[in-house]
Amino acid sequence: MSDPKDPGWRPETRLVRAGRASGSEHGAVNPAIQRGSTVLLPSVAALYGPGKSYGLEGFGVHETLRAALADLVGAHDTVLAPSGLAACTVALLSATRAGGEVLVTDSVYGPTRRFCDGLLARFGVRTRYYDPGTGGAIAALIGPDTQALFLESPGSLTMELQDVPALAAAAHARGVTTIIDDTWSAGVLFNPLDHGVDVSVQALTKYQAGHADVLMGALVSRDPARIAAITATVKELGLGAGAPEDAYLTLRGLRTMPLRLDRQGASALAVARWLEARPEVAQVLHPALPTHPDHALFARDFQGASGVFSIVLHPASEAQVAAMLDGLRLFGLGFSWGGYESLVITCDPQLKRTARAWRAAGPLLRFSIGLEHPDDLIADLAEGFTRLAG
Ligand SMILES: *Cc1c(COP(=O)(O)O)cnc(C)c1O
């Protein structure tokens, strides 16, 4: 499907070369965008044969994107989904059956939690949330009905890191499928498949597409049987691979993703360091800072940091926080991240912890740092702190 690969190539090189030899037409560097529902088959014998028979499975541009994503992390294959959330729910549905149980980190992305407590529960799969700080001791929580262990590191909003290899090893010893939401690292700063995880999920909406104009998700695995089970789940649900234009835009984003991650990661660290010195800030939750409680795991497992982190303010009223954020000129108020533009949200209404209560000195804010100059972002925040005080 992909270029001849050189195993020594680094991610930047792999992402520039990936899929280049396959989908192109008339010598174009990039693949064609093929729209379609109907696929014409050449004969009656082919109608029920093994080949592609319907547009839901996607066309060449989807295959190119799949090959590029698999190549990046050394996976057997990629399954695409129409959103990152769909990729999370498909991962859980394909690893469980009625009567079973999943162990999910208490720091999980909110909509994944809503799925576990809602649809997954209605179809007879229970969820138990575990403290994200649990490592190999997860073995004590695994019971006879445990079918999957779901990780996210760092966790959404609160940014705890998990001991991924210890969790994966404990799950494997009991035949439990491990799934990770690895959106934060984009598969570049951390490769969960190298740390024993069975299925890694990406919201391609974030850094891969990178321009706040696409919703798409992906699942990668090294195990052909798991890829087959996930593919079957996507097919049974009728989800399909997403629009061909979206696959194209995501592939286009991938070419520059390492550059954007580098810049956004460096800018985020600069902003985080500046915030750490501010008297209004009680705590900066950025895993690359030595003050982060899980920094040792970050230093052990990650190649770098992306542009998303959180802070805890000293106690402040809702009106003060609103005055600070409503007046920002460069930071938008928005729930997504990974695009070229900086964003911030308040988080407290979203925190629904049950395994271990979230305790913090004051309000929690989550930042996504974009491609603006960090000094301009810092100036915007400095004005915000003046409004916070007023
Ligand atoms: C955004 C996000 C998702 C969901 O992605 P969508 O494409 O928006 O559905 C899943 N997990 C994490 C950690 C996210 O930040």
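Placed above this text is the structure.
Attention in this report is confined to the structure presented alongside it.

How each quantity is defined
- Residues numbered from 1 in each chain as written.
- Predicted model: local features only at pLDDT ≥ 70, side-chain atom pairs only at ≥ 80, totals over all residues.
- Heavy atoms only, no water.
- Helix = DSSP H or I, 4+ residues; strand = E, 2+ residues; numbered from the N terminus.
- Rg over C-alpha atoms; globule rule 2.2 N^0.38 Å.
- Contact = heavy atoms within 4.5 Å.
- Areas by Shrake-Rupley, 256 points an atom, 1.4 Å probe, with all protein chains shown as cover.
- Pairing = 2+ DSSP bridges.
- Axes fitted to C-alpha atoms, helices over the stretch in contact; angles between N-to-C directions.
- Salt bridge = Lys/Arg side-chain N within 4 Å of Asp/Glu carboxyl O.
- Buried < 20%, exposed > 50% of the residue type's maximum accessible area, 1.4 Å probe, protein only.
- Disulfide = S-S within 2.5 Å.
- Near = heavy atom within 4 Å.
- Polar contact = N/O pair within 3.5 Å; in protein donor to acceptor, adjacent residues only side chain to side chain.
- Nonpolar A, V, L, I, M, F, W, Y, C, P; charged D, E, K, R; others polar.

With that settled, consider the overall build of the protein. Along the protein, the regular secondary structure elements total 11 helices and 12 strands. Since a compact globule built from 390 residues should have a radius of gyration of about 21 Å, the 21 Å found for the protein is in line with a globular shape. Principal-axis analysis of the C-alpha atoms places the extent of the protein at approximately 75 × 55 × 40 Å. Sequence-distant contacts, at least 24 apart, represent 73% of the contacts inside the protein between residues at least 6 apart. Of the roughly 16,600 Å² that the protein leaves accessible, carbon and sulfur atoms contribute 56%.

Taken together, the seven strands give an open sheet; going across it, the order is β1-β7-β6-β5-β4-β2-β3, and neighbouring strands pair in mixed fashion. Of all the strands in the sheet, the pair left with one neighbour each is β1 (77-81) and β3 (126-130). Sheet twist, expressed as the average angle between the axes of neighbouring strands with direction ignored, equals 20 degrees. Inspection of the sheet shows strand β4 (residues 146-152) paired to strand β5 (residues 177-181) by five bridges, in the parallel sense. From the neighbouring strand, Glu152 faces β5, where its bridge partner is Asp181. Packing against the sheet, helix α3 (residues 60-73) makes contact with β1 and β7 (217-221), and its axis sits at approximately 125 degrees to β1. Those strands touched by helix α6 (residues 164-173) are β3, β4 and β5, and its axis lies near 155 degrees from that of β5.

Moving on: the pattern of salt bridges. A side chain with one charge may pair with a side chain of the opposite charge, provided their charged atoms come close. Per the counting criterion, the structure on display carries 17 salt bridges. In this structure, Arg126 engages Asp145 in a salt bridge whose closest nitrogen and oxygen atoms are separated by 3.3 Å. One end of the pair, Arg126, is in strand β3; the other, Asp145, is in the loop between β3 and β4, and 19 residues separate them in sequence. Classification of Arg126 by relative accessible area gives partly exposed; the value is 44%. Salt-bridge contacts for Arg226 lead to Asp198; the nearest nitrogen and oxygen are separated by 3.6 Å. Of this pair, Arg226 sits in helix α7 (residues 224-237) while Asp198 sits in the loop between β5 and β6 (199-203), and the two are 28 residues apart along the sequence. Arg226 sits in the partly exposed class, given a relative accessible area of 23%.

Another point: the pairing of β1. Where burial is concerned, most of β1 is hidden: five out of the five residues are buried. As paired strands, β1 and β7 are joined by five bridges and run antiparallel to one another. When the sheet's bridge partners are listed, Leu80 is paired in β7 with Ala218.

Let us look at the environment of Ala91. Of note, Ala91 is situated in helix α4 (residues 84-94). In this structure the C-alpha to C-alpha distance between Ala91 and Ile230, which are 139 residues apart in sequence, comes to 6.8 Å. For Ala91, the contacting residues outside a window of four places in its chain are Ile179, Val201 and Leu219.

Quick look at the environment of Leu325 now. Along the chain, the position of Leu325 falls in helix α10 (residues 318-326). For Leu325 and Phe385, which are 60 residues apart along the polypeptide, the C-alpha to C-alpha distance reads 9.2 Å. Leu325 has contacts with Leu333, Val344, Thr346 and Leu365, leaving out every residue within four places of it along the chain.

The strand order across the open sheet formed by five strands is β8-β9-β12-β11-β10, and the pairing between neighbours is mixed. A single partner strand is all that each edge strand has here, and the edge strands are β8 (281-285) and β10 (332-333). Here β8 runs beside strand β9 (residues 308-313); their pairing, made up of four bridges, is antiparallel. Residue pairing in the sheet places Val284 in a bridge with Ile311 of β9. Relative to β9, helix α8 (residues 244-276) is tilted by about 10 degrees, and along the sheet it contacts β8, β9 and β12 (364-368). The sheet contacts of α10 involve β9, β10, β11 (343-346) and β12, and relative to β11 the element is tilted by about 170 degrees.

Next up on the list: the state of the cysteines. This structure, assessed with the given rule, holds zero disulfides. Distance from the sulfur of Cys88, which forms no disulfide, to the nearest cysteine sulfur (Cys116) is 9.2 Å. Cys88 gets classed as buried once you look at its relative accessible area, which sits at 2%. Note on Cys116: relative accessible area 1%, which makes it buried.

With that settled, the discussion passes to the site of the ligand. Neighbouring residues of the ligand: Ser83, Gly84, Leu85, Tyr109, Glu152, Ser156, Asp181, Ala203, Thr205, Lys206, Leu215 and Trp337. A distance of 2.7 Å separates an oxygen atom of the ligand from a polar atom in the backbone of Gly84. Thr205 is positioned with one of its side-chain polar atoms (N or O) 2.5 Å from an oxygen atom of the ligand. Against a free-state accessible area of 380 Å², the protein chains account for coverage of 90% of the ligand. In terms of residue class, the shell around the ligand is built from five nonpolar, four polar and three charged.

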